[in-house]
Amino acid sequence: MASPKNPSSSGRNAEIGEQAMIEAILEGSPEAIGVAVIRFDCGCRKMAAVDKDGEPASKIIMYRDQAESICPQCQQDNGDIMRVTKQFIHWAAPEPDMAAKTNIEAKVLGTQTHQVH
Ligand SMILES: [Zn+2]
């Protein structure tokens, strides 16, 4: 029954990963069936919960991994669409059916059918 020494796990609350952030948003948004995640080329992210009709179920949150605040670029342009590198919806369990997903994605993220496969 050796108890390995744990490295101190205190402080550092700026290190919130994307997954933890998604879970926090879902927890705070009872209406939400998913969270829209938009990643920017600078490393910042924009997130918002969406409800079953594809309407926003939370306010839009911008954050940056391991940082107190978003970068100067984002503070200036508020996350310009031109700098988006990836966007998707993280579905909460149980996930809606395919048709509903497609519908909501189109509504929330726009119709981007020309993505590289
Ligand atoms: Zn940024």
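Residues numbered from 1 in each chain as written. Predicted model: local features only at pLDDT ≥ 70, side-chain atom pairs only at ≥ 80, totals over all residues.

1. Thoughts on the environment of Ile22
1) Next: Secondary-structure assignment places Ile22 in helix H1 (residues 18-28).
2) Next: By C-beta crowding, Ile22 is classed as buried, having 20 other C-beta atoms within 10 Å.
3) Next: Residues Ile22 and Met47, spaced 25 residues apart in sequence, show a C-alpha to C-alpha distance of 7.9 Å.
4) Next: Other than its neighbours up to four places away in sequence, Ile22 contacts Val35, Val37, Met47 and His90. (Helix = DSSP H or I, 4+ residues; strand = E, 2+ residues; numbered from the N terminus. Buried ≥ 20, exposed ≤ 12 C-beta atoms within 10 Å, placed from the backbone. Contact = placed C-beta atoms within 7 Å.)

2. Here's the deal with the confidence of the model for the protein
1) Next: In this model, the protein carries a mean pLDDT of 85, and residues with pLDDT of at least 70 account for 80%.
2) Next: Helix H2 (residues 72-77) holds the highest mean pLDDT among the elements of the protein, 97, whereas strand S3 (residues 61-64) holds the lowest, 92.
3) Next: Here residues 6-14 is modelled with pLDDT under 50, and outside its nearest four sequence neighbours on either side it reaches 3 contacts, counting other chains as well. (pLDDT = per-residue confidence, 0-100.)

3. Description of H1
1) Next: All of the buried residues in H1 are Ile22, Ile25 and Leu26. Along the long axis of H1, the arc covered by the buried residues comes to 100°, so they all point the same way. In H1, the exposed residues that point more than 90 degrees away from the buried face are Ala20 and Glu27.
2) Next: Close packing links the buried residues of H1 with strand S1 (34-40), strand S2 (44-50), S3 and strand S4 (84-91). (Arc of directions from axis to C-beta.)

4. Thoughts on the sheet that holds S2
1) Next: Sheet architecture is open: 4 strands sit in the order S3-S2-S1-S4, paired in antiparallel fashion. Each end of this open sheet is capped by a strand with a single partner; those strands are S3 and S4. Along the sheet, successive strands turn relative to each other by an average axial angle of 20°, direction set aside.
2) Next: Relative to S4, S1 runs antiparallel, the two sharing 7 bridges. Bridging from a neighbouring strand, Arg39 pairs with Lys86 of S4. (Pairing = 2+ DSSP bridges. Axes fitted to C-alpha atoms, helices over the stretch in contact; angles between N-to-C directions.)

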